[in-house]
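As a plain string of letters, each chain reads:
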Amino acid sequence: MAETAQISQTLEDQSIFDLVGDTDGTNEERERFLDELQKVVWDDFLDNDVELLLTEDELTPLEEIVSRPDTDQLTKQQEIVKYLETKIPDLEEIMMEKALKLKEDLLNERIAGMEQLYAGKAEVLAHISEAKTAIAGGRYYDAIVHLYEADTLGQAPTAA
C-alpha cells in the first residue's frame, strides 16, 4: 500500500510567490524580487536588531566595517556576516525568523488588498475569509489555495 505524500502546511514551506499571488513573474523578475526581500530582511536586522544583540564594544568593529569607504557592498556584507557569526551564535535562526515574519506580512498585505479589490463580491470574500481561517489554524497551503480560488472567482466575468 503506497503512502500518499503529505502537503506541508507550514509557512516556511510555502513559496513566497504563491503567498503573494505571483503567477506570471519571469525567473529574472523573481530573482530580483528575492534579492530585494533579502536586502529588506538584512537592512532591518542591521537597523533594528544588531544594537540589541551586541555590546557597545562589539559594535565598534562592526561600525568600522560598515563605514569603510573603499570597500564594495558585497565585501562589506560578507565581512559583516563573518563578524556577526562570531558574536551571535544563532544568527542564521534569527534571520530565518525575520524572513518568515516578512512572508507573513506580505501574505497579510495580499489579503488586505484582495478584500479591498473584491469588497462588493460576497462569494469571493467568503474564500478570503476561509483563507484567513486557514492561516489562523496554521494551514498556509490551504490558505493559498483559497486565495487563488478567490482571485479566479473575482476575475471571472459576471453574467449579465
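Everything quoted here is computed from the prediction, not taken from an experiment. The written sequence of each chain sets the order in which its residues are numbered from 1. Only residues with pLDDT of at least 70 get local features here, since the model is predicted, and only at 80 or more are side-chain atom pairs given and counted; chain-wide, interface and lining totals rely on the full set of residues. In computing side-chain properties, one takes all heavy atoms of the structure into account and sets aside hydrogens as well as water.

**Remarks on the nonpolar core**
Filter applied, for reference: Nonpolar cores were defined as sets of buried Ala, Val, Leu, Ile, Met, Phe, Trp, Tyr and Cys residues, with membership established by side-chain atoms within 4.5 Å. Note on exposure labels: buried denotes an accessible area under 20% of the residue type's maximum, exposed denotes more than 50%, and partly exposed covers the range between, all computed with a 1.4 Å probe on protein chains only. Secondary structure elements are taken from DSSP: a helix is a run of H or I of four residues or more, a strand is a run of E of two residues or more, and numbering for both begins at the N terminus. In this description, contact between two residues means that some pair of their heavy atoms is separated by no more than 4.5 Å.
F45, L62, L84 and I128 are the most contacted members of the largest nonpolar core, which totals 36 residues. Contributions of two or more residues to this core are made by α1 (16-20), α2 (27-53), α3 (56-66), α4 (73-87), α5 (91-117), α6 (122-136) and α7 (140-155). Broken down by element, the residue count for this core peaks at eight residues, all from α5. Contact partners of L84, with chain neighbours within four places excluded, come to W42, F45, L46, V50, L54, L62 and L91.

**Some remarks on the packing of aromatic side chains**
Selection rule: What counts as a ring pair is set by centres within 6.5 Å for rings of Phe, Tyr and Trp (its six-membered ring), and what kind of pair is set by the plane angle: stacked under 30 degrees, edge-to-face over 60, tilted for all other angles.
Following the criterion strictly, the structure yields two aromatic pairs and no others. Ring centres of F17 and F33 lie 6.0 Å apart, and the angle between their planes is 50°; this geometry places the pair in the tilted category. Here F33 lies in helix α2 and F17 lies in helix α1, a separation of 16 residues in the sequence. The exposure class of F17 is buried, given its relative accessible area of 10%.

**Some thoughts on the packing of α2 against α4**
The line we're drawing: Every axis in this analysis is a line fitted to C-alpha atoms, fitted for helices over the stretch in contact. Angles between the N-to-C directions lie between 0 and 180 degrees. Roughly parallel here means an angle under 35 degrees, roughly antiparallel means over 145, roughly perpendicular means 65 to 115, and every remaining angle is called oblique. Two helices crossing with the near one rotated counterclockwise from the far one by less than a right angle form a left-handed crossing, whereas a clockwise rotation gives a right-handed crossing. Gly falls in the polar group here, along with every residue not listed as nonpolar (Ala, Val, Leu, Ile, Met, Phe, Trp, Tyr, Cys, Pro) or charged (Asp, Glu, Lys, Arg).
One can describe the packing of α2 onto α4 by two numbers: an axis separation of 13 Å at closest approach and a directional angle of 45°. Regarding the angle of α2 to α4, the classification is oblique. As for the relative orientation of α2 and α4, their crossing is left-handed in sense. Mapping the contact onto sequence places W42, F45, L46 and V50 in α2 and Q77, I80, V81 and L84 in α4. Grouping the amino acids of the contact of α2 with α4 by side-chain chemistry returns seven nonpolar, one polar and no charged.

**Digging into α2**
For an α-helix, the turn length of 3.6 residues means that residues three or four places apart are oriented alike. Selection rule: A helix is expected to reach a length of 1.5 Å times the quantity of its residues less one. The quantity called bend is, for any residue, the angle between two axes fitted respectively to the seven residues ending at it and the seven beginning at it.
With 27 residues, α2 ought to run about 39 Å at 1.5 Å a step, and its terminal C-alpha atoms sit 36 Å apart, in line with that. At L46, α2 shows its maximal kink, close to 40°.

**So, α6**
The criterion, for reference: What the arc covers is the set of directions going from the helix axis to the C-beta atoms.
Counted at 1.5 Å a residue, the expected span for α6 with its 15 residues is 21 Å, and the 21 Å between its end C-alpha atoms agrees. Of all the residues in α6, the buried ones are V124, H127, I128, A131, A134 and I135. The arc that holds the buried residues of α6, viewed along the axis, is 115°, so those residues lie on one side. Away from its buried face by more than 90 degrees, α6 exposes A122, E123, T133 and A136. Looking at the buried residues of α6, the elements they touch are α5 and α7.

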